[in-house]
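Geometric and topological summary
Read off the chains here:
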Amino acid sequence: MNHRSWMRSQGFTPEVFDGRPVIGIATTWSELAPCNVHLHRVAESVKRGVWQSGGFPLEFPAMALGETLLRPTAMLYRNLLAMEAEELIRANPLDGVVLLSGCDKTTPGLLMAASSVDLPAVMVTGGPMLSGKYQGADVGSGTAVWRFEEELLAGRMTAEECVFAEGCMARSNGHCMTMGTASTMASMAEALGMQLPYSATWPAVDSRRYETAQRAGQVIVDLVNSDLRPSAIMTRDAFENAIRVNAAIGGSTNAVIHLLAIAGRLGVQLDLDDFDALAQDVPTLLNLQPSGQYLMEDFCYAGGLPAVMRELGGLLHGDAVTVTGRTVAENVADAPCWNREVIHALDAPFQPAGTGTAVLRGNLAPDGAVLKQSAASPHLLKHRGPALVFDSPEAYYAVVADEDLDADEDTVLVIRYCGPRGYPGMPEVANVPLPAKLLRRGVRDLVRICDARMSGTAYGTVVLHVAPEAAAGGPLALVRTGDWITLDVPSRLLTLEVPEAELELRRSQWTAPPPHASRGWTRLYTEHVEQANTGCDLDFLIGGSGSAVGRDSH
């Protein structure tokens, strides 16, 4: 009576307490996260579906992590969102949950939470923005920003033109409409079986986005009634499907870190080398920025993710179960492709097999590093050059316009102390722009090496996620300007050409940087965060503890 009486203060009629499934709607809505600002409207559609199917929907807020504004990076707070949402889902009397996400880290954060609690769950992402339009051409959010930044540095674009272009890129609700991390992780949620078919690609302002949300409200009640939980959906086979789909769509390298973290919550055995091995025989089928030409709106109208998954056919585990209650093969059996310029056929791919994410190893990255081949320059995939080293992106930006900067097209830019502990939070700073003097000469790419990440919207020959990171004493901390570095992507090698004895001497002289904080979340994070090669979760959050809340779980 006590609990019901307080709930009655919201005006609910008595029959909603008759034992019907209580469905939580975890929303990451916030005006501080532009990609998620429409999720209140999405939640209303979910509620309609829950009511339709005889459930009792209750909306509650979780952290909004907008990479657009949050500093130093939203990645610093992904694990905090996962921890907060996990505790909210477990502590409240919920039978199932619908997860509303949008910007990059909200999708993996909520999936991590749902994995640890393991109550029936459905993901609903907020959808991409409409295609950007600038000077009569399509422009992609993020991808165009990096290009415009280079044009500005090179003097080929004015500040006034940049200001005008801002409004041309972001002209509706939704997340990035390139294959950035938001679009990638929406696709990963669908490929894992946690999101309804076609959900990843409907534009945020398309009526079918809300229709899909209403259907998700119906589906979550079915999942509760059938007791189909995330652990039964996100199996090893599901993760293998997601990795192969990521290769086929030219997905973000950030998917590596997020999928590893989600798998860790479920106890699914997954490691960094799986991303290379499983993608070796998968061609890139999707012609989408930053690897290609088109945008998410085009992808949607061409047939969406089901068309890609149907094309992959036997490369996927077709018998993997999904939130629809049907298998992957059943979901995509009749998925049409309407535009082969956007979604290429398996026997006529956009890029050949083996052009997805490469996992590199060597004395500079003993625990691994990654490179997005589809967004790299072919002539730099085998390269040897002298290092130009900076201990922060800020230090590099201070000299990027210097005409006397000792850099040419052979230079290997090394930006370090940007990893999980180092920055902290492993921001998307690895794809620094080229030196202005080289841009003016027409140089369009350099090898860049960093222990941070780059946006999925970015491009270039950028070695990312170097592990162990510099702040943890990894070999990246020992590189000096002038050292020669060899990148050999076909052989999957990243080599610092310095004798081991010299490296040992440098290691003995190295001092760890001071901690970033003495209190609060940042201290907790930097003391417990894992390295990039295992997913950057906190060591005490790996694994799950189920839906019970302990002694008061009655």
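Preceding this section is the structure that the text describes.
Below is a summary of the structure that appears in this document.

1. Notes on the layout of surface pockets
The volume enclosed by the largest pocket comes to roughly 1,100 Å³. Lining the largest pocket are 44 residues, with Glu 67, Thr 68, Gly 142, Val 145 and Trp 146 positioned closest to its centre. Counting only elements with at least two residues in the lining of the largest pocket, the list comes to helix H5 (143-154), helix H6 (159-169), helix H7 (181-192) and helix H16 (393-397). A per-element tally of the lining of the largest pocket places H5 first, with 5 residues. Grouping the constituent residues of the lining of the largest pocket by class yields 24 nonpolar, 13 polar and 7 charged. A volume near 900 Å³ is recorded for the second largest pocket. What lines the second largest pocket is a set of 30 residues, and nearest its centre among them are His 3, Val 22, Asn 92, Pro 93 and Leu 94. Breaking the lining of the second largest pocket down by element, the ones donating at least two residues are helix H1 (2-8), strand S1 (22-27), strand S2 (56-61) and helix H3 (75-91). Here the lining of the second largest pocket is composed, by residue class, of 16 nonpolar, 7 polar and 7 charged.

2. Considerations on empty space enclosed by the protein
Throughout the structure, instances matching the rule amount to 3 cavities of 30 Å³ or more. Within this model, the largest cavity holds a volume of roughly 90 Å³. Along its surface, the largest cavity is lined by 14 residues, and Asn 246, Ala 247, Gly 251, Gly 356 and Thr 357 are the ones closest to its centre. Per element, the largest residue contribution to the lining of the largest cavity is 3 residues, and it comes from helix H10 (residues 236-248). For the lining of the largest cavity, the residue count by class is 5 nonpolar, 8 polar and 1 charged.

3. Things to note about the pattern of salt bridges
In the structure shown here, the tally under the stated rule is 33 salt bridges. Between Asp 18 and Arg 20 there is a salt bridge, and its shortest N-O distance comes to 3.1 Å. Among the ionic pairs, Glu 428 bridges to Lys 105, the shortest N-O distance being 3.7 Å. Note that Glu 428 is positioned in the loop between strand S10 (412-415) and helix H17 (436-440) and Lys 105 in the loop between strand S3 (96-101) and helix H4 (106-117), a separation of 323 residues in sequence. Each of Glu 67, Asp 104, Lys 105, Glu 428 and Arg 453 takes part in salt bridges that share partners, so that together they form one network.

Cut-offs applied
Residues numbered from 1 in each chain as written. Predicted model: local features only at pLDDT ≥ 70, side-chain atom pairs only at ≥ 80, totals over all residues. Heavy atoms only, no water. 1 Å grid on protein atoms, 1.4 Å probe; cavity = no way out; pocket = protein on both sides within 12 Å on 5 of 7 lines; lining within 4 Å. Points joined across faces, edges and corners; volume = space filled by probe spheres on them. Helix = DSSP H or I, 4+ residues; strand = E, 2+ residues; numbered from the N terminus. Nonpolar A, V, L, I, M, F, W, Y, C, P; charged D, E, K, R; others polar. Salt bridge = Lys/Arg side-chain N within 4 Å of Asp/Glu carboxyl O.

Purely geometric numbers; function is a separate question.
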